[in-house]
Amino acid sequence: MSLVIDFCNYNQRNKKPAATLPSETDSACSNIPSLLETMAGVLSPPLYLFIGFIFICGLLKVLQLSWKKKKLLRTFKHFPGPPSHWFFGNSGQVIQSDEFNKNMEWAGKYPYGYPRWFGGFAASLVVHHPDYAKTIFGRGDPKSMITYRFLLPWIGKGLLVLDGPKWFQHRRLLTPGFHYDILKPYIAQIADSTKVMLDKWKKLIAKDDMTSVEMFEHVSLMTLDSIMKCAFTSQSSNQTCRELDHYIKAVYDLTYLVSQRVRNLLYRNDLIYSYTSAGRLFLKACRLAHKHTEKVIEERKKSFREEGELKKIQKKRSLDFLDILLSAKDENGVGLSKEDLRAEVDTFMFEGHDTTASGISWLLYAMAQNPEHQQRCREEIKETLGDRDTVQWDDLGKMPYITMCIKESLRLYPPVPGVGRQLSKPVTFSDGRILPEGATVFISIYCIHRNPSIWEDPEQ
C-alpha cells in the first residue's frame, strides 16, 4: 500500500500525464482514501489496544528491572567488586575455560567476598573466606534456587534441592540406609567393580597404538556400577551395559547444559530456552536419564511383589537405599509420592556416582602430577594388604598417608566447587558488614580451599 501511495505522489510531483500510467494504477490511487478509511475503521482499535498493551507491559518490565537493580545495588553497597556491564553484568569478563582462574583473581582483589553479577539484574555475594562461610553455614537459610532450579526438570525435588520440613522428613526417612553396619559389606562390592575397571584398562594399554586412556568415562561407569550394586541391589556388572553408556552420556550432556545455562543470560528464561537447540537437547537427555531410573524403580517394585511382604525381604538381606524409599512411611503411615520417589532416585543415582567419579579422577590426576606421593601411597597399600588383593573395611583406618592425599586432592579439586544460600533474615559478618534478608550468597568452596591467607603454598 505504501508503495502505491509513494508512486502516486511521485507522479504528481513530476506532473506525468495520466495517459502514461496504466488505468489500474489510476484506479488504485483514486480508491486509496476510501480504503484507508475502511482499514482505520476495522483494524485500528484492536491494533491500538495491542500496541498499547505491549507498551504497558514493556514499561512495567523496565520499571520492575530498574527497581530490582536499585535494590541489588543497595544490598551490596558495602561490598566492592569487579566492575560490571549494566546489562551483561560480569558475564563478558569470564571465559568458560578460565572461570576458576578469574574467580581466584577477583578473590585476591576483594577480601572475604565480592558481588558477582549474572547479567545486569541478578547478583550474589561470592564468599571465599572460611570466616564468612562459617557464618552462613551456621544458619538455617534455604538453598538458593538461582542454579538449582535448572536441575529440577532432571532430578526433581530430592534432598539436594529440598529445604525446610520436607527436607527433614526425607532426611529422617533415608538415614537408616547409610548406617555403618549397612555400609561395611559394600566394600567388597566396590572392590569387585574396581577390578572390572582395572581389567578393562589392562586390555586397553596392551594395544600397541594406545598411548593414553581417557579415565573419566571408565571411572564414571565404575562408580555407577557401585551405586547400582550397593544402593539399588543390582546383581550384575553394569560396566559393559550399553544402556548405562547412554545414561552416562545423558549425565555428561545434562551437567554441561546446566552449567551453560547458568552463564547464558537468554537461556535463563524457561520459554526462550525451550525453543533453543540446547533446550531440546536438555529435554532429550532428561528423558534418557528418567528412563533408566524408572526402570530401576519398576524392577524393584516387581521384586517386592514377587518376594512378598517386607518382612520376608528383611530376613534375606539388609534394606538398601531403594528398599527404604519404597517402604518408608511417615508418622501418619503415608509413604513417598511417585514424584518424591523418582526425585530421590534421580538425585542419588546422579550424585552417588558422578560426584564420586569426579573426585576419584582428580585424585588420579593429582597422583600423576606428584609421582613421589603416588609411590608412598602404593607402598602403604602394599604394607596394609600384605598377600591380599582386596581392601577390607578394617583396612581403611590403617592408611593415613593415602587418606591425607585423598583429602588434599579434594581440597585442590572439590567435586562441588560451590553452594548457594538465600538469606531468610539479615546477617552480620565477622568484620561488621551486613547483608539484608533476601540476598543470595554463594560460598566458593574452590576459592576457600586455595585462599593464600589460610593455606601456605595453596597450589601445592
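In what follows, the structure referred to is the one given above.
Residues numbered from 1 in each chain as written. Predicted model: local features only at pLDDT ≥ 70, side-chain atom pairs only at ≥ 80, totals over all residues. Heavy atoms only, no water.

## What about the overall build of the protein chain?
In plain terms, the rule: Only DSSP runs of H or I reaching four residues or more are called helices, and only runs of E reaching two or more are called strands; each is numbered from the N terminus. Remark: exposure states derive from per-residue accessible area (1.4 Å probe, protein chains only) relative to the maximum for the residue type, with buried under 20%, exposed over 50%, and partly exposed in between. The contact definition used throughout considers only heavy atoms, calling two residues in contact when any of these lie within 4.5 Å. Surface exposure here means Shrake-Rupley accessible area, sampled with a 1.4 Å probe, where a residue is shielded only by the protein chains that are shown.
Summing up its helical and strand segments, the protein chain has 19 helices and six strands in all. Expressed as a percentage of the 460 residues in the protein chain, the buried residues total 38%. Expressed as a percentage of contacts within the protein chain between residues at least 6 apart in sequence, the contacts between residues at least 24 apart total 66%. Carbon and sulfur atoms provide 60% of the accessible area of the protein chain, an area that totals close to 27400 Å².

## A word on the pairing of strand β3 (residues 418-422)
For clarity, the threshold we go by: A strand pair is defined by DSSP finding two or more bridges across the two strands.
In terms of burial, β3 is a largely internal element, four of the five residues being buried. With five bridges joining them, β3 and strand β6 (residues 440-444) adopt antiparallel strand pairing. Bridging across to β6, Gly418 finds its partner in Ser444.

## Looking at the packing of helix α16 (residues 338-369) against helix α17 (residues 371-385)
Stated precisely, the cut-off is as follows: Axis definition: a line fit to C-alpha positions, over the contact stretch in the case of helices; interaxial angles, taken between N-to-C directions, run 0 to 180 degrees. Throughout, the term roughly parallel applies to angles under 35 degrees, roughly antiparallel to angles over 145, roughly perpendicular to angles from 65 to 115, and oblique to all others.
Packing of α16 against α17 brings their axes to within 5 Å, and their N-to-C directions diverge by 110°. With respect to α17, the axis of α16 lies roughly perpendicular. Contacts from Met367, Ala368 and Gln369 of α16 reach α17 at Pro371, His373, Gln374 and Cys377.

## Examining the sheet that holds strand β2 (residues 123-127)
The strands that make up a sheet are held in pairs by hydrogen bonds between backbone atoms, and each pair lies either parallel or antiparallel. Ordered by their spatial adjacency, four strands build an open sheet running β1-β2-β6-β3, and the pairing between neighbours is mixed. Lying at the two open borders of the sheet, with one neighbouring strand each, are β1 (113-117) and β3. Adjacent strand axes in the sheet meet at a mean angle of 30°, parallel and antiparallel pairs treated alike. Lying on the sheet, helix α4 (residues 130-137) is in contact with β2, β3 and β6; it crosses β6 at an angle near 125°.

## Observations regarding the environment of Gly140
With respect to the helices and strands, Gly140 occurs in the loop between α4 and α5 (145-148). A residue is classified by how much of its surface remains accessible, and Gly140, at 74% relative accessible area, is exposed. The spatial distance from the C-alpha of Gly140 to the C-alpha of Lys425 is 9.8 Å, given a sequence separation of 285 residues.

## What to know about a nonpolar patch on the surface
Under the convention used in this document: Like-charged residues are merged into a patch within 9 Å and nonpolar side chains (Val, Leu, Ile, Met, Phe, Trp, Tyr) within 5 Å, provided each residue has over 30% relative accessible area and no salt bridge. Any Lys or Arg side-chain nitrogen located within 4 Å of an Asp or Glu carboxyl oxygen qualifies as a salt bridge.
There is a patch of nonpolar side chains on the surface, built from Leu47, Tyr48, Phe50, Ile51, Phe53 and Ile54 and spanning about 680 Å² of accessible area. Summarising the element assignment, Tyr48 is placed in helix α2 (residues 23-75).

## Description of the packing of aromatic side chains
Heads up, the rule is: Stacked, tilted and edge-to-face are the three classes applied to pairs of Phe, Tyr and Trp rings, where Trp contributes its six-membered ring and a pair requires centres within 6.5 Å; stacked means planes under 30 degrees apart, edge-to-face means over 60, and tilted covers the rest.
Evaluation of the coordinates by the stated rule reveals 19 aromatic pairs. Ring geometry for Trp154 versus Phe350: centroids 4.4 Å apart, planes at 50°, classification tilted. In this pair, Trp154 sits in helix α6 (residues 152-155) while Phe350 sits in helix α16, placing the two residues 196 residues apart along the sequence. Comparing Trp154 with Phe350, the two get one shared label, buried.

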